[in-house]
Amino acid sequence: MNLGEPRRRVEEQAAAVADAVCELVDTVTPTTWSTGAVEDAADAIDMLTEALAAIDPEAARALAAVPAATAVLRRRLAPTAVEDVTEVPAPRSGRPRRRGLGPGWKGVRATG
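Scoring rules and cut-offs
- Residues numbered from 1 in each chain as written.
- Predicted model: local features only at pLDDT ≥ 70, side-chain atom pairs only at ≥ 80, totals over all residues.
- Heavy atoms only, no water.
- Helix = DSSP H or I, 4+ residues; strand = E, 2+ residues; numbered from the N terminus.
- Contact = heavy atoms within 4.5 Å.
- Areas by Shrake-Rupley, 256 points an atom, 1.4 Å probe, with all protein chains shown as cover.
- Salt bridge = Lys/Arg side-chain N within 4 Å of Asp/Glu carboxyl O.
- Expected span 1.5 Å × (residues − 1).
- Buried < 20%, exposed > 50% of the residue type's maximum accessible area, 1.4 Å probe, protein only.
- Arc of directions from axis to C-beta.
- Axes fitted to C-alpha atoms, helices over the stretch in contact; angles between N-to-C directions.
- Parallel < 35°, antiparallel > 145°, perpendicular 65-115°, else oblique.
- Polar contact = N/O pair within 3.5 Å; in protein donor to acceptor, adjacent residues only side chain to side chain.
- Patch = residues over 30% accessible without salt bridge, like charges linked within 9 Å, V, L, I, M, F, W, Y side chains within 5 Å.
- pLDDT = per-residue confidence, 0-100.

If you tally the helices and strands in the protein chain, you get four helices and zero strands. Put simply, 62% of the contacts in the protein chain that link residues at least 6 apart link residues at least 24 apart. In the form shown here, the protein chain has an accessible surface area of approximately 9300 Å², with 61% of it arising from carbon and sulfur atoms.

See below:
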């Protein structure tokens, strides 16, 4: 496998996700959402957030509020009492979390 192939696959998959979201947006109205559809959409948002946050620490900081927002959405849909709801962490992609770049990391230097 050449080094360009993973990048092309990611670009193709991201384009497919964007196309699917556009199709969903064109289809839904406030009354066509089901609880299951909202759950699936919120799960997709959480997984995309995790993938994008892995780009670098700045991306992670920019996206830090998204999991809390999807959790609020899920709580609003849940008909059970607050004390009956257990906190469920955002789904994991299976990739290990980045642990940081360690002391002394100076960042990427741009030349030109």
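This paragraph deals with the pattern of salt bridges. All told, the structure shown has four salt bridges when counted by the stated rule. A salt bridge links Arg-74 to Glu-39, with the nearest nitrogen and oxygen atoms 3.3 Å apart. Here Arg-74 is found in helix H4 (residues 66–77), whereas its partner Glu-39 is found in helix H2 (residues 35–53), with 35 residues between them in sequence. When the shortest N-O distance is used, the salt bridge between Arg-74 and Asp-46 registers 3.0 Å.

Spanning 19 residues, H2 covers 27 Å between terminal C-alpha atoms, matching the ideal 27 Å at 1.5 Å per step. Listed as buried for H2 are Val-38, Ala-42, Asp-46, Thr-49, Glu-50 and Ala-53. Along the axis of H2, the buried positions cluster into a sector of 110°, meaning they face one direction only. Structurally, H2 contributes buried residues whose contacts are with helix H3 (57–62) and H4.

Here we take up the packing of H2 against H4. The relative placement of two packed helices comes down to the angle between their axes together with the axis-to-axis distance. Between H2 and H4, whose axes approach to 10 Å, the crossing angle comes to 170°. When the axes of H2 and H4 are compared, the pair comes out roughly antiparallel. Contact residues: H2 offers Val-38, Glu-39, Ala-42, Asp-43, Ile-45, Asp-46 and Thr-49, while H4 offers Val-66, Pro-67, Thr-70, Leu-73, Arg-74 and Leu-77.

Right, let's get into the side chain of Arg-74. There is a polar contact of 3.3 Å between the side chain of Arg-74 and the side chain of Glu-39. For Arg-74, the residues in contact, after removing those within four places along its chain, are Glu-39, Ala-42, Asp-43 and Asp-46.

Turning our eyes to something else, we now look at a nonpolar patch on the surface. Judged by side-chain polarity, Val-17, Val-21, Val-25, Leu-48, Leu-52 and Ile-55 come together as a nonpolar surface patch covering roughly 510 Å² of accessible area. Here the nonpolar patch gets three residues from one element, more than from any other, and that element is helix H1 (residues 4–27).

Further remarks concern the confidence of the model for the protein chain. Across the protein chain, the average pLDDT comes to 80, with 67% of residues at or above 70. The low-confidence segment residues 81–85, where pLDDT is below 50, has one contact with residues more than four positions distant or belonging to other chains.

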